[in-house]
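Here's the letter readout for the chains.
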Amino acid sequence: MLRRGAATALAGVVVSATPAVLPAFADDDVRGGQRAVIETLDLPAAWRTSKGAGVTVAVLDSGVDPAHRDLAGSVTVGRDLTEGANPPGVAPRRLHGTYMASLIAGHGHGPGGRQGVIGVAPEAGILSVRVILEDEEPGFREFNSAERFEDVVARGIRYAVDEGADVINMSISKELATKEERAAIRYAISRGVVLVAAAGNDGDRKTGGDFAPYSYPASFPGVVSVGATDRRLRRATFSNWNSSVLVAAPGVDIMGAGPGDEYWVGRGTSQATALVSGVAALIKAKFPQMSSPLVVQALADSADDRPPGGYDTGTGFGVVNARGALAEAARLATHTETATGPQAQDPAKPLAGGPAGPIKVTTRDRRRVTIYAAVSAGAAAGALASLGVIFFLVRRVRRDHDAHDA
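Basis of the calculations
Residue positions are counted from 1 within each chain, in the order its sequence is given. For this predicted model, a pLDDT threshold of at least 70 governs which residues receive local features, and a threshold of 80 or more governs which side-chain atom pairs are given and counted, while totals over whole chains, interfaces and linings are taken from all residues. Computation of side-chain values: all heavy atoms of the structure, hydrogens and water removed. Secondary structure elements are defined from DSSP: runs of H or I of at least 4 residues count as helices, runs of E of at least 2 residues count as strands, and each element is numbered from the N terminus. Here the term buried applies to any residue with accessible area under 20% of the maximum for its type, exposed to any over 50%, and partly exposed to those in between, with areas from a 1.4 Å probe on protein chains only. All accessible areas in this document rest on Shrake-Rupley with a 1.4 Å probe, and a residue is counted as covered only by the protein chains that are shown. Here, a strand pair is defined by DSSP locating no fewer than two bridges between the strands. Consider the strands pointing away from the viewer: the crossover is right-handed when the path from the first strand over the helix to the second runs clockwise. Only Phe, Tyr and Trp rings are paired, with Trp represented by its six-membered ring, and only when their centres lie within 6.5 Å; those with planes under 30 degrees apart are stacked, over 60 edge-to-face, the remainder tilted. Geometrically, a charge over a ring is one whose NZ (Lys) or CZ (Arg) sits within 6 Å of the ring centre while staying within 35 degrees of the ring normal. Axis geometry follows a simple rule: fit a line to the C-alpha atoms, using only the stretch in contact for helices, then measure angles between N-to-C directions, giving values from 0 to 180 degrees. For every residue, the predictor assigns a confidence score, pLDDT, that lies between 0 and 100. Contact definition: two residues touch when any of their heavy atoms are within 4.5 Å. Salt bridge, as used here: a side-chain nitrogen of Lys or Arg that lies within 4 Å of a carboxyl oxygen of Asp or Glu. Among the buried residues, those of types Ala, Val, Leu, Ile, Met, Phe, Trp, Tyr and Cys that are joined through side-chain atoms within 4.5 Å form a nonpolar core. Identification of polar contacts relies on pairs of N or O atoms within 3.5 Å, with a donor-acceptor requirement for protein atoms, meaning one able to donate a hydrogen and the other able to accept it, and with residues adjacent in sequence counted only if both atoms are side-chain atoms. Residue count minus one, scaled by 1.5 Å, sets the expected span of a helix. Working rule for angles: under 35 degrees goes down as roughly parallel, over 145 as roughly antiparallel, 65 to 115 as roughly perpendicular, anything else as oblique. Helix crossings are classified by the rotation of the near helix relative to the far one: an anticlockwise turn of less than a right angle makes the crossing left-handed, while a clockwise turn makes it right-handed.

### Things to note about the overall build of the protein
What the protein contains, in helices and strands, is eleven helices and 13 strands. Counting the 406 residues in the protein, one finds 50% classified as buried. Total accessible area computed for the protein in this model is approximately 19,400 Å², and 54% of it derives from carbon and sulfur atoms.

Right, dumping it as structure tokens:
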């Protein structure tokens, strides 16, 4: 059965999570189709340390099918923040969300769970929070135009945090940011939650500059912005490239699950994002008290296939490696970057004392600095020369005086 992938929209802009879906695969072919991803992320070695047990990953998406055999028992169906967009009685399609959830926490099925989709963190739990509609759903246009749905992502983030999520996966992107989303992200980070989002799929769209468009929520500070790589682990042509990109993960020909025990193959920064969220879940399971900034540092510092110079705008610091990320997290486990105590600023409120006053900006005129340095050097040389003359005169006077006495 052929199905078109989910191309949804949020606040009037297209979400960059569209998988190019191919025919469903027989379940005994699925694990083989995942082999390249499993090897790239070095998952067998990582699973000897962590499989994500005890961690909850919130999937802010189009909904997750909790009955899929590769996800059964792992999914908690949370709030539907799109409620009212579809006509009464219309069930959500849950295509894209199920796909992402399977990449994060699919546990397979059959003897030993060796069939079907295995996620990066197969023992993690999924909290499904519906914040987007598939474009096939009848309420798609209403959802994108009605003002009451403008802040669904911000509300979804806060809901997920309050429900105990450790990681929030946002395989969605849009061109415009809102202050509500920014505040919700600060709220999540202040509570130790790791946020991971798609960099976007407009990498082949020229902007007149030397980068692809920025997208949100990936471009907010503190969010792990994920680019996609191709089979050669180079930036996929569709993947956005800009300075927000932190790390990358495979994003081409990615096998995943669909509603009704189906299987899909797709491409996009959405899939790459889900894989990175799974690695973050492995870290949080092993080091549950680790702050969000340190988890992010572990992801970046341990990445493979680093670009020349250590960073570029296509793949960030490189391709995420689960085994390496866990090893780096172990090294960082005794550190903290979280402010605590009564003096810590509430991230949801403005800075105390109101807006800051004018900022004094100091500029450096390199030409004047050079001139002043030359003048200073000349003055120093003159001073040394003067000291030399004085020393010479003093010695001469002493010599003449000694000769007169004789």
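Next, the rest of the story.
### Section: the pairing of strand 9 (residues 194-198)
Each regular strand shows side chains that alternate between the opposite faces of the sheet. For strand 9, a buried count of five out of five residues is recorded, marking the element as mostly surrounded by other parts of the structure. The side-chain alternation of strand 9 yields two buried faces, one formed by Val194, Val196 and Ala198 and the other by Leu195 and Ala197. Looking at chain direction, strand 8 (residues 167-170) and strand 9 are connected through four bridges and run parallel. By the bridge assignment for strand 9, Ile168 is matched with Leu195. The β-α-β motif built from strand 8, the intervening helix 7 (residues 179-190) and the parallel element strand 9 has right-handed crossover chirality. Inspection of the sheet shows strand 9 paired to strand 10 (residues 224-229) by three bridges, in the parallel sense.

### Some words on the packing of aromatic side chains
Inspection of every chain in the model, using the stated rule, returns four aromatic pairs. The side chain of Arg79 reaches across the aromatic face of Tyr159, ending 5.9 Å from its centre. Over the ring of Tyr187 we find Arg158; its NZ or CZ atom is 4.8 Å from the centre of that ring.

### With respect to the sheet that holds strand 3 (residues 56-61)
Strand pairing in a sheet relies on backbone hydrogen bonds. The paired strands run either parallel or antiparallel. On the basis of which strands lie adjacent, the open sheet formed by seven strands has the order 4-7-3-8-9-10-11 and parallel pairing. Whereas interior strands pair on both sides, the edge strands pair on one side only; in this sheet they are strand 4 (75-80) and strand 11 (245-250). With strand direction ignored, the average angle separating the axes of adjacent strands in the sheet is 25 degrees.

### Looking at unusual backbone geometry
Cis peptide bonds are those with omega within 30 degrees of zero, and the linkage from Tyr216 to Pro217 qualifies with 15 degrees. Along the chain, the position of Pro217 falls in the loop between strand 9 and strand 10. Non-glycine residue Asp261 carries a positive phi angle of around 60 degrees. Its relative accessible area of 33% is what places Asp261 among the partly exposed residues.

### Brief notes about the confidence of the model for the protein
Per-residue confidence for the protein gives a mean pLDDT of 85, with 74% of residues at or over 70. Below pLDDT 50 for its whole length, residues 1-22 participates in 84 contacts with residues either more than four positions away or in separate chains.

### Some words on the pattern of salt bridges
Once the charged atoms of two side chains with opposite charge are near each other, the side chains can pair. What the rule picks out here adds up to eight salt bridges. The shortest N-O distance in the salt bridge between Arg130 and Glu137 comes to 2.7 Å. Bridged by salt links that share partners, the residues Asp80, Arg130 and Glu137 form one connected network.

### Thoughts on the nonpolar core
By size, the foremost hydrophobic cluster in this structure holds 61 residues, and its most contacted members are Ile126, Val224, Val276 and Ile283. In this view, Val224 contacts Leu195, Val196, Ala197, Leu246, Val247, Val276, Val296 and Leu299; residues no more than four positions away in its chain are not counted. Of all hydrophobic cores here, the second largest spans 33 residues; its members include Leu81, Val129, Val131 and Val193.

### Concerning helix 9 (residues 292-301)
With seven of ten residues buried, helix 9 lies mostly within the body of the structure. Taken residue by residue, helix 9 has Ser292, Leu294, Val295, Val296, Ala298, Leu299 and Ala300 as its buried positions. Buried residues along helix 9 sit in contact with helix 7, strand 9, strand 10, strand 11, helix 8 (269-286) and helix 10 (322-332).

### Observations regarding the side chain of Ser302
One can find Ser302 in the loop between helix 9 and helix 10. Look at Ser302 and you get buried, because its relative accessible area is 11%. In terms of polar contacts, Ser302 uses its side chain to reach the backbone carbonyl oxygen of Ala298, at 2.6 Å. Here Ala325 takes part through its backbone nitrogen, which lies 3.2 Å from a polar atom of the side chain of Ser302.

### Notes on helix 7
Its twelve residues give helix 7 an end-to-end C-alpha distance of 17 Å, which sits within 8% of 16 Å, the value for a rise of 1.5 Å per residue. Where helix 7 is buried, its residues touch helix 6 (152-162) and strand 9. Where helix 7 terminates, the next one or two residues include Gly192, which has phi positive at roughly 80 degrees.

### Concerning the packing of helix 8 against helix 9
Between helix 8 and helix 9, the shortest axis-to-axis distance is 10 Å and the interhelical angle comes to 120 degrees. The pairing of helix 8 with helix 9 is recorded here as oblique in orientation. When you trace helix 8 past helix 9, the crossing you get is right-handed. Of the residues in helix 9, those touching helix 8 at Val276, Val279, Ala280, Ile283 and Lys284 are Val295, Ala298 and Leu299.

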